[in-house]
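Notes for the structure review
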Amino acid sequence: MSNTTLTADVIAKEAVAILENELLMAKLVHRGYEEEFTGKVNGYEKGDTVSIRRPTDFTVREGATADVQDVVEGKTSFTVNQQVGVDFKFTSADLTLNIGELGERVMKPALVQLADYVDRKVMELYKEIPNHVTIPTGGLNSFADFALVAERMDTLAIPQDNRSAVLCPADYWALLGSQTSLYVNDAAKGAYRNANLGMIGNIDTYMSQNAPTHTYGARTGTDVSDTTGESYDGGYLWANVKDSNYVTFHIDGMASDTSGYYKKGDTFTLSDVYDVNPVSKERLAHLKMFTVMEDTTSASSEADVKIWPPIIVSGAQKTVDLASGATLDGRTVTYQGTASSPFRQNLFFHKSALGLVMVPMVKPPGATDVGRRTYKGTSVRVIPYYDGVNDVSSWRLDILFGTKTIDPRKAVRASLADNVA
């Protein structure tokens with residue numbers, strides 16, 4: 001059968017199929033908010049935003065007497081603010097090729113790069129996940145190491161369904177090697193023949209070369225919390241922080257003044273400040289973990305640090321439990337990881353912890369041949385423009401998307417006790 005000239009719509013259809021196939025994180029995180037972007041017929045522009053609600057909690061009363069509670073829902077915004085694309089140049093001869101041949105030879109290499117970019121942007125959300133497990137020296141090379149994170153997920157009451165883990169190549173292959181010695185026939189065969197870990201401990205396990213590496217800030221010395229005379233955002237009340245993306249906490253006693261003291265994504269604990277079960281609000285055995293939400297400079301041996309989650313000591317939205325007699329003032333700050341050193345970040349998460357929105361883009365005024373296709377939530381736009389002197393068509397392919405940490409309580413990151421330097 002003879003080839004036909006390829007149009008923008010045909011190329012868009014092939015491109016969206018290739019892109020959707022190459023994406024990893026897009027298949028593992030929540031995509032439902034794409035349905036919230038309604039009301040536009042022609043598409044969306046960079047900066048379009050919808051508000052999403054944060055879950056509310058309640059306390060259980062004892063006895064027959066009613067104790068009516070206010071429903072205090074928080075909200076945050078989900079914005080499609082990242083426009084990226086790849087651009088092609090085809091001759092008229094190229095455009096008479098079979099679309100399968102053109103897609104495999106020219107388009108696929110570029111779209112692999114585009115999918116890689118989207119996956120990296122989703123995985124960069126690790127910086128907003130406070131829950132952190134340190135894997136013993138030597139890497140994530142046994143079921144016992146893997147179980148440390150699975151156990152933490154259970155302790156944090158993360159739902160049992162739709163759990164995923166994305167490991168860096170070194171930890172993935174170290175763990176896979178441990179599976180080949182198992183007597184569980186299917187697991188050993190899949191690991192040995194197909195390099196496939198599959199589901200471990202009710203967690204679907206994947207590998208990605210995009211698993212991020214976090215370099216911790218240059219903090220030194222023994223830092224302590226200082227709430228005396230300092231204003232802590234929200235006054236420890238959920239109603240005051242429910243729409244915030246961070247709260248400010250004052251830390252004192254720093255040994256140096258430096259611009260790189262804290263990096264976004266640094267995690268730490270406070271002595272005598274314990275985590276709680278998010279459902280029962282009972283104290284857990286481990287200390288509460290906090291993540292730094294913005295790079296911070298220390299000055300005069302102190303700093304106001306933007307952190308998450310907020311510190312709430314009572315009520316339905318309680319996040320911490322203090323040791324007997326302890327206050328939030330003068331707590332010793334203990335950091336995960338070595339200062340100024342890089343550590344790989346493996347991600348374990350429930351589907352509803354992280355979100356990705358990808359939407360159809362507008363058809364620009366003046367563009368006569370525009371191809372737009374959406375497939376399984378992945379949307380691309382293709383627009384050609386012609387160079388008549390050289391008989392060459394340039395084609396731009398664009399996508400518009402946004403990422404969001406929806407509920408960081410439902411995710412855990414795991415890094416090694418030793419760095420990757």
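Residues numbered from 1 in each chain as written. Predicted model: local features only at pLDDT ≥ 70, side-chain atom pairs only at ≥ 80, totals over all residues. Heavy atoms only, no water.

**Focus on helix α3 (residues 143-155)**
With 13 residues, α3 should reach 18 Å at 1.5 Å per residue; the first-to-last C-alpha distance of 18 Å fits that figure. The set of residues buried in α3 consists of D145, F146, V149, A150, R152 and M153. A157 lies just past α3 and shows a positive phi near 60°. (Helix = DSSP H or I, 4+ residues; strand = E, 2+ residues; numbered from the N terminus. Expected span 1.5 Å × (residues − 1). Buried < 20%, exposed > 50% of the residue type's maximum accessible area, 1.4 Å probe, protein only.)

**Some words on the pattern of salt bridges**
Counting across every chain of the model gives 14 salt bridges. Note that R373 is salt-bridged to D9, the shortest N-O span being 2.8 Å. One end of the pair, R373, is in strand β19 (residues 371-375); the other, D9, is in helix α1 (residues 8-22), and 364 residues separate them in sequence. Note that K318 and D321 form a salt bridge whose closest N and O atoms lie 2.8 Å from each other. For the pair shown, K318 and D321 are each scored as buried. Here the salt bridges do not stand alone but share partners, grouping R283, K318 and D321 into one network. (Salt bridge = Lys/Arg side-chain N within 4 Å of Asp/Glu carboxyl O.)

**Some remarks on the confidence of the model for the chain**
For the chain, the average pLDDT comes to 82, and 84% of its residues sit at 70 or higher. Within the chain, strand β17 (residues 346-350) carries the highest mean pLDDT (96), whereas helix α5 (residues 185-194) carries the lowest (47). Throughout residues 188-195 the model reports pLDDT below 50, and contacts reaching past four residues in sequence, or to other chains, amount to 14 contacts. (pLDDT = per-residue confidence, 0-100. Contact = heavy atoms within 4.5 Å.)

**Thoughts on the environment of A411**
Tracing the chain through its elements places A411 in strand β22 (residues 411-416). Residues within four places of A411 in sequence aside, it is in contact with I129, N131, I158, F348, F349 and A353.

**Here's the deal with the sheet that holds strand β5 (residues 163-167)**
Pairing is mixed across the open sheet formed by 6 strands, whose spatial order is β4-β22-β17-β5-β7-β6. Each end of this open sheet is capped by a strand with a single partner; those strands are β4 (132-135) and β6 (198-200). Sheet twist, expressed as the mean angle between neighbouring strand axes with direction ignored, is 25°. Pairing analysis gives 4 bridges linking β17 to β22, with the strands arranged antiparallel. Considered in β22, the bridge of L347 is made with R413. The sheet contacts of α3 involve β4, β5, β6, β7 (203-207), β17 and β22, and relative to β4 the element is tilted by about 165°. (Pairing = 2+ DSSP bridges. Axes fitted to C-alpha atoms, helices over the stretch in contact; angles between N-to-C directions.)

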